[in-house]
Structure formats: structure tokens, C-alpha cells
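Residue strings, one per chain:
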Amino acid sequence: MNILVIGGGAREHSLVWKISQSPRVKELYVAPGNAGTGLIAKNLDIKATDLEALAQAAQGREIDLAVVGPEAPLAAGIVDLFQDRGITIFGPTKEATRIESSKVFAKALMQKYGIPCAKSRSFSSFDDAKGYVKIQKPPIVVKADGLAAGKGSIVSHSTDEALKALSDIMQERIFDSAGDQVLIEECLMGKEVSLLAFTDGKTVVPMVAACDYKRVFDGDQGPNTGGMGSYSPPNFFDEEMTGRVRDTILEPTVRAMAKEGMPYKGVLYAGLMLTQEGPKVLEFNARFGDPENQVMLPRLESDLVEIMLAVIDGTLDKIEIKWSNKACIGVVMASGGYPGSYKIGLPIEGLDRIDKDTIVFHAGTKTRGDKILTDGGRVLTVVASGKTIAEAREKVYSNIPFIHFEGSHFRKDIAARELNLFGF
Ligand code: AMP
Ligand code: GLY
């Protein structure tokens, strides 16, 4: 098969890496990709949001399967466009992607179908939202309705902070039209975990769980980022809990989407808080996680291409999906200054010095001659696995010092909580 992966981050590099191991692959393309994907697939210089150019490239190269990494093309309707042109594509339609692209839609769905989530109200009037915030007890969570690159949810510890978040979103319009509506919701307490599932619209097969780290500094300090690391499996999330989330959240959501006339196919990502009352949804995403994918796909033993085809064909109940028991940790190396402003074009050294079984998934990188240069905020995800979390941690942190680019920084506490290190 000729396969096209859409996107250019470390999530997409991990998709390309896994897909390249499938015996089904003839030619593998990625648009736009990065320096890392260029080593195992053909990079096409097309933006992930240039849907028309992507469709033309797919037709020109006789693509048999397209796989979408990021949310933006899904929300813009890439699946609908490719289907119209007769190109097989993995992912939900534009309408079904609303589960991620509109938090107000997702919340209304959960409320209608009794899917456990934070108590919440939606507003399109700033004054009404303000009045409501004033009578809530902090902490209060203020969320922009639309896509905001993972930055649209603001957990506020005082009323003033929540009012400021509200004004930033609705009046200053820091997330543009994504802030036309907001959710004001109760703050849930507990451990956070991501549980994703493959679904063909009927059958729902949960994957292994993973945790990600959104804040830039150790101990969850500093501003939010696109993700600074992740690990799988979290030891506090067992099979019983996976079954519970499948039964109370994932399956009811897929049934609800079908009932609402927007059948959901692809990956359903549930961001969860494990509260004292049980697991509750923080958010849904309509795709694989970043950086979760970088630690999940190395644990997947089955052929990802076969799984995707079964999702598309509606035969997910006919296949078995196997995962390894190993532990996997991914640590993101970011540019100096990220998530604020940073330099790009800096040479990355030492990639050839790391252990053979340590994987480096590229994100913001590009090649110039025989050099690899930085080209974004999150530059690399360094991934190691082991029999235990302790072994994987030892491996990943002993390899990172070989890799160098000016100003690079990374978190030292990924998965530390599993080992009770640093007191968290
Ligand atoms: P979201 O954009 O909804 O994924 O939220 C981003 C982050 O904000 C989550 O990973 C949580 O850490 C936090 N968050 C979102 N909603 C809530 C909530 N209702 N209670 C507590 N934390 C939340
Ligand atoms: N790791 C968060 C996300 O993929 O949205």
C-alpha cells in the first residue's frame, strides 16, 4: 500500500516509524514531516492544513491509506474531502471531530447521555459568564470552546484569576473565535491519565493508558506547553479501571455519537481525572496524543496498518490488538525559551551517540546538507523502554546528555511519581 501520514511533529514521526514496520507498506509519505521522518519516509513539502494540496498529492501518488495526526486538518474536514475524492483515510469526519473542536458540544453530549464529567455551564455572553463566575467557589476552570493548541483551559485559584481568564478569552480574544463561547466548570481533583481507544463506530478497543506532562518545569511548575514528556503504563491505572472507563465513558460516547447521527470512527482520546467518585472526562480529542503516542506505539505489537483498515472497514471486532508489558518513557527536549519565544536553526549534535534501542522521535527539526537543525519549540522526544519504569527512566536520562543543541531544556521528573522520587 502507498500510505500518507499528515503532520510534522513527534507524534507523526512515531506513526511513520510504526507504519514503516508493516509488511503492507510499499511507499510511505509524510506531509510535511521533519528531519526524522525524512530518514524513513518521503517528506512532501505540504502543510497539514492545506487540504486541497494534500488531496491532490494523495491522488497523484496513488495513496491507498491516509492517516491524520493533528486535530486542525480533522476539524477543517480533511476526512470528508478525502472521502469525497475516493481516497481511503483514517480519522473522524468534520462533524464527528466536534467532540474535540467544540468543548461546548462535547459537554452537552456528555450531559445528555450521562457520561461522567465536571459540572459545567456554557456561555456566549461575557456578562452572563462573569456573573456566574462571581458566584462560584474557586478553584474555577474557564475553557475556551474551540481549538487553542492545548492552551484553552485555565484552572484559576481565585475569582479574580478566573475573571481575568474570562476577559482574556472573551474580550481580549486571545484564542480568537475559539473564545466565542466558554465553559465555566468545577475543578476536579485526582490523578490525570489519558486513555485512548480505537473505534469503528460500533466496537471500542481501549489502548494502553499513558500520562503526559503539560507544564514546562519540574514539579508541574510554569506555563503549559504542547507536552514535555509522557510514560506508559501508569501503575495506578489497572485493567479493572480500563474496563470501567470503557463501559462508562468510551462506549457510551461512541453510541451517543452514532445516535446523534455523526458516527465516530478513528481514535477517541479521553483525558481523564480519576476522582474519588470515579473517572471523569476532562476533555475528548479526536486523534492520537502528543506526546502519548511516542510512548504508546513502541508498546504496540500488532500491525497498526491492519488496525486502521479494520477501523475503516468496520471490522474491529474481528482482530486482536496486542501490547507489550514493557514500560516506556518519553522526554521532550525543547528549545531554550519554549513555550515562549526561541531561536531556530541551531545544529543538533550527538544523535548518533545514543544507545541503539533508544528512539529519538523528531518534532521541530529540519535538515541542511548533512546537518540536522532545530526548527521549532519542541525539538525531539527521546524514548526508552525497559522491564520497569525504573529501568526505562534510567535509560532515557542516561541517553539525553549525549544530545546537544544550544539552550535545550527538558524535564527531569518524567514518571518520577511512579517511583516516589522528588516527593511527587
Ligand atoms: P483540556 O484542554 O480540557 O485538556 O485541559 C487542559 C488541562 O487542564 C487538563 O489536562 C487538566 O490538567 C486541566 N483541567 C481541565 N479541566 C479541568 C477540570 N474540570 N478540573 C481540573 N483540571 C482541569
Ligand atoms: N497530550 C495532549 C494531547 O495530545 O492533546
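Residues numbered from 1 in each chain as written. Chains lettered and ligands numbered in written order. Predicted model: local features only at pLDDT ≥ 70, side-chain atom pairs only at ≥ 80, totals over all residues. Heavy atoms only, no water.

**Q** With reference to specific residues and values, describe the overall build of the protein chain.
**A** Regarding its fold elements, the protein chain presents 12 helices and 20 strands. At 21 Å, the protein chain has a C-alpha radius of gyration in line with the 22 Å of a compact globule built from 424 residues. For the protein chain, the C-alpha atoms occupy an extent of roughly 60 × 50 × 40 Å along the three principal directions. Looking at the protein chain as a whole, 58% of its 424 residues are labelled buried. (Helix = DSSP H or I, 4+ residues; strand = E, 2+ residues; numbered from the N terminus. Rg over C-alpha atoms; globule rule 2.2 N^0.38 Å. Buried < 20%, exposed > 50% of the residue type's maximum accessible area, 1.4 Å probe, protein only.)

**Q** Can you explain the sheet that holds strand S16 (residues 327–334)? Please cite residues and give values.
**A** Strand order in this open sheet of 5 strands is S12-S13-S16-S20-S17, and the pairing throughout is antiparallel. Taken across any chain shown, the strands that pair with only one partner, and hence form the sheet edges, are strand S12 (211–217) and strand S17 (359–362). The sheet shows a mean angle of 30° between the axes of neighbouring strands, taken without regard to direction. Pairing geometry for S17 and strand S20 (residues 378–386), over 4 bridges, is antiparallel. Bridge pairing links His 362 to Leu 380 in S20. Across the face of the sheet, helix H1 (residues 10–19) comes into contact with S17 and S20 while running at roughly 125° to S17. Contacting strand S13 (221–232), S16 and S20, helix H12 (residues 389–399) crosses the sheet at an angle of about 140° to S20. (Pairing = 2+ DSSP bridges. Axes fitted to C-alpha atoms, helices over the stretch in contact; angles between N-to-C directions. Contact = heavy atoms within 4.5 Å.)

**Q** Could you give me a rundown of the site of ligand 2, with the residues and numbers involved?
**A** Every residue near ligand 2 is listed here: Asp 212, Lys 214, Tyr 269, Asn 285, Arg 287, Gly 289, Asp 290, Pro 291 and Glu 292. Take Asn 285: an N or O atom from its side chain is 3.1 Å from an oxygen atom of ligand 2. When isolated, ligand 2 has an accessible area of 200 Å², and the protein chains bury 87% of it. Along the lines of polarity and charge, the residues of the shell around ligand 2 split into 2 nonpolar, 2 polar and 5 charged. (Near = heavy atom within 4 Å. Polar contact = N/O pair within 3.5 Å; in protein donor to acceptor, adjacent residues only side chain to side chain. Areas by Shrake-Rupley, 256 points an atom, 1.4 Å probe, with all protein chains shown as cover. Nonpolar A, V, L, I, M, F, W, Y, C, P; charged D, E, K, R; others polar.)

**Q** Could you give me a rundown of the side chain of Arg 299, with the residues and numbers involved?
**A** On the secondary structure map, Arg 299 appears in the loop between helix H10 (292–296) and helix H11 (304–313). Excluding residues that lie within four positions of it along the chain, Arg 299 makes contacts with Val 208, Ser 232, Pro 233, Lys 322, Trp 323, Ser 324, Asn 325, Lys 326 and Cys 328.

**Q** Now, about the site of ligand 1: what can you tell me, with residues and values included?
**A** Taken together, 15 residues lie near ligand 1, and Ser 153, Leu 188, Glu 192, Lys 214 and Glu 283 sit nearest. Between ligand 1 and the protein, one listed contact pairs a nitrogen atom with a side-chain N or O atom of Glu 185 at 2.9 Å. For ligand 1, a nitrogen atom lies 2.8 Å from a polar atom in the backbone of Leu 188. Its free accessible area being 470 Å², ligand 1 has 91% of it covered by the protein chains. Those elements that provide at least two residues to the shell around ligand 1 are strand S7 (140–144), strand S8 (153–156), strand S9 (182–186) and strand S15 (278–285).

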